[in-house]
Amino acid sequence: MKTLIAPSILSADFTRLGDEIRAVETAGADWIHVDVMDGRFVPNISYGPIIVEAARKCTTLPLDVHLMIVEPDSMIPAFVKAGASWISVHAEACPHLHRSLQLIRSLGAKAGVALNPGTPPDVLDYVIDDVDFILVMTVNPGFGGQQFIPQCLDKIARIRERIVRSGRTIHLQVDGGINQKTIRQVTMAGADILVAGSAVFGTGDYGRTIQQLRNVAQQGPERIEE
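Parameters at a glance
- Residues numbered from 1 in each chain as written.
- Predicted model: local features only at pLDDT ≥ 70, side-chain atom pairs only at ≥ 80, totals over all residues.
- Heavy atoms only, no water.
- UniProt positions renumbered as here; feature names shortened; annotations may be inferred.
- Helix = DSSP H or I, 4+ residues; strand = E, 2+ residues; numbered from the N terminus.
- Buried < 20%, exposed > 50% of the residue type's maximum accessible area, 1.4 Å probe, protein only.
- Contact = heavy atoms within 4.5 Å.
- Polar contact = N/O pair within 3.5 Å; in protein donor to acceptor, adjacent residues only side chain to side chain.

Quick word on the UniProt feature "active site" (unreviewed entry) in the chain
Mapped onto the present numbering, the UniProt feature "active site" (unreviewed entry) falls at D35 and D175. A maximum C-alpha distance of 10.3 Å among these annotated residues, which run over 141 residues, shows that they cluster at one spot. Summarising the element assignment, D35 is placed in strand β2 (residues 32–37). By relative accessible area, which is 5% here, D35 ends up buried. Every residue in contact with D35, bar those within four places of it in the chain, is listed here: S8, L10, S46, Y47, H66, M68 and D175. At a separation of 2.7 Å, a polar atom in the side chain of D35 contacts the side chain of S8. Following the sequence through the fold, D175 ends up in strand β7 (residues 171–175). Those residues in contact with D175, other than ones at most four positions away along the chain, are H33, D35, H66, L135, V136, M137, T138, V139 and V195. Side chain to side chain, D175 and H33 meet in a polar contact 3.3 Å long.

Spelled out as structure tokens, the structure:
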């Protein structure tokens, strides 16, 4: 699969969000990542469907909505209506995970499962036929700008093995501490969608940064040292 770069607008300048979204699209981003937090599942609050609706008016790129919220089923229809293309829900927040995934798909969006760093990949075994992508958190969710947790590399590789065994085309997304020092490690482990927040929006040249991230991700077999 092609390596996709998905800048997270959590790190964008919200006083000029539309300009920021258009800028990263022009710079070569593949998806726009939208982190939704409710202050309950994670210790922070971000934004709701109205921001997704506004973002949809600013870009033709897929909107990748990561729901870090409890009871996501109650909000999934609103996010799809607002323009979400891909929606991930946390396995830890869904008592009926299969039902949540089916709801997303029934509304016409692509469905994903997100896993916290401490959640084992076994939770995927009984829903892997119902997902379009899997999101591995490589930091504990709730805040941007955290450091990558290296123990998650083994989990990424184990999930990639599960995807291969399934025989299905399933994207493997990684979010948390992604930068030019970690991006090659996660792609070597099997990730093909890379969420980058401050690593993109914290720089002065989005186009150059995105191209550099893509180039590093696609380099040869040698791993970057810790």
